[in-house]
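Analysis of the macromolecular model
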Amino acid sequence: MKKLRFATLWLDGCSGCHMSLLDLDQRLLDLADMVDFVYSPLVDVKIFPEGVDVACVEGAVSSAEDEEKLRMVRRRTGLLIALGDCAVTGNIPAMRNVLGGQKILQGVYLEREHLNAQIPASHLPALNEHALPLHRFVPVDFFIPGCPPSADTLFAALGALVAGRAVDLPALTRFGA
Ligand code: SF4
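Bear in mind the structure is a predicted one, so any value in this text is a computation, not a measurement.

For the rest of this paragraph, the subject is the packing of aromatic side chains. According to the stated counting rule, one finds two aromatic pairs in the structure shown. Between the aromatic rings of phenylalanine 6 and phenylalanine 37, the centroid separation amounts to 5.3 Å while the plane-to-plane angle is 80 degrees, which identifies the pairing as edge-to-face. Linking phenylalanine 6 in strand β1 (residues 4-10) with phenylalanine 37 in strand β2 (residues 35-39), this pair joins segments that are 31 residues apart in sequence. Above the ring of phenylalanine 155, the side-chain terminus of arginine 27 is found at 5.3 Å from the ring centroid.

Next up, the structure:
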């Protein structure tokens, strides 16, 4: 059987959803039998490749860089999965939305800093006014909610995707369903 080309990445998230992936423990070997990890923090690949079958994206979109990366991933990927509550709803990163990006930057870098107070202007992507979930920017095929989704949920969801049974799973919600 041809293996799925599988990718994972995070945008504005805490990496906790990827820790759930690591919590698969020995089941990672089962997953590795079903998919090729072509891009992920778990493997040493620097450039997101073309022709990815399934990509799991953790985290909200909080900067122009996040948005650009997400749009590139969408163009190069068959099935895009929003992995975890930050990707699905905005969750923790979106808690700052009541203040807005500019006020957060001002509070962190100017008001609470007494040495060289300045908002970074280089080497850091500009923060958007609001942190938003993935589907506000690109079509998303599946959501896997949870903060983080458990390893069991991930394994069931990914196993079902590989087997073409995703619609049977309550842990997965097809966009627009
Ligand atoms: Fe972290 Fe929870 Fe967001 Fe996942 S959903 S990136 S665990 S805060």
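So, on to the site of the ligand. By nearness alone, 13 residues border the ligand, and Cys14, Cys17, Glu58, Cys86 and Cys147 come closest of all. Most atoms of the ligand, that is more than half of them, are within 2 Å of grid points of the second largest pocket. Grouping the constituent residues of the shell around the ligand by class yields six nonpolar, five polar and two charged.

Residues Met19, Leu22 and Leu42 make up a contiguous nonpolar surface patch of roughly 230 Å² in combined accessible area. In this structure leucine 22 comes out as partly exposed when scored by relative accessible area, which is 37%.

The space that makes up the largest pocket amounts to roughly 290 Å³. Lining the largest pocket we find 15 residues, and of these Leu105, Leu124, Pro125, Ala126 and Leu127 sit closest to its centre. For the lining of the largest pocket, the secondary structure elements donating two or more residues are β4 (61-63), α3 (64-76) and α5 (101-111). At four residues, the largest contribution of residues to the lining of the largest pocket is made by α5. Split by residue class, the lining of the largest pocket holds ten nonpolar, two polar and three charged.

What follows is about the side chain of histidine 18. When you line up the elements, histidine 18 lands in helix α1 (residues 16-22). Overall, histidine 18 belongs to the buried group, its relative accessible area being 2%. In terms of polar contacts, histidine 18 uses its side chain to reach the side chain of glutamate 58, at 2.8 Å.

Let us now look at the environment of aspartate 53. As for its placement among the helices and strands, aspartate 53 is situated in strand β3 (residues 52-58). Residue aspartate 53 is classed as partly exposed on the basis of its relative accessible area of 25%. With 64 residues separating them in the primary sequence, aspartate 53 and alanine 117 have C-alpha atoms 45 Å apart. The contact partners of aspartate 53, leaving out residues within four places of it in the chain, are Lys3, Leu4, Arg5, Thr77, Gly78 and Leu79.

Counting buried positions along β3 yields six of seven residues, so the element is predominantly enclosed. The sheet contact formed by β1 and β3 spans five bridges and is parallel. Within β3, the residue paired with threonine 8 across the bridge is cysteine 56. For β3 and strand β5 (residues 77-83), the ladder comprises six bridges, and the chain directions are parallel. Paired with valine 57 across the bridge in β5 is alanine 82.

In this structure, Phe48, Val57, Leu70, Val73, Leu80 and Leu134 are the most contacted members of the largest nonpolar core, which totals 22 residues. The contacts of leucine 70, once residues within four sequence positions are left out, are Leu11, Val57, Val61, Leu80, Leu134, Phe137 and Val138. Formed by 18 residues, the second largest nonpolar core is a distinct cluster that contains Val35, Val54, Leu83 and Leu158.

Conventions adopted
Residues numbered from 1 in each chain as written. Predicted model: local features only at pLDDT ≥ 70, side-chain atom pairs only at ≥ 80, totals over all residues. Heavy atoms only, no water. Phe/Tyr/Trp six-rings, centres within 6.5 Å; stacked < 30°, edge-to-face > 60°. Helix = DSSP H or I, 4+ residues; strand = E, 2+ residues; numbered from the N terminus. Lys NZ or Arg CZ within 6 Å of the ring centre and 35° of its normal. Near = heavy atom within 4 Å. 1 Å grid on protein atoms, 1.4 Å probe; cavity = no way out; pocket = protein on both sides within 12 Å on 5 of 7 lines; lining within 4 Å. Sits in = over half its atoms within 2 Å of the grid points. Nonpolar A, V, L, I, M, F, W, Y, C, P; charged D, E, K, R; others polar. Patch = residues over 30% accessible without salt bridge, like charges linked within 9 Å, V, L, I, M, F, W, Y side chains within 5 Å. Areas by Shrake-Rupley, 256 points an atom, 1.4 Å probe, with all protein chains shown as cover. Salt bridge = Lys/Arg side-chain N within 4 Å of Asp/Glu carboxyl O. Buried < 20%, exposed > 50% of the residue type's maximum accessible area, 1.4 Å probe, protein only. Points joined across faces, edges and corners; volume = space filled by probe spheres on them. Polar contact = N/O pair within 3.5 Å; in protein donor to acceptor, adjacent residues only side chain to side chain. Contact = heavy atoms within 4.5 Å. Pairing = 2+ DSSP bridges. Core = buried A, V, L, I, M, F, W, Y, C linked by side-chain atoms within 4.5 Å.

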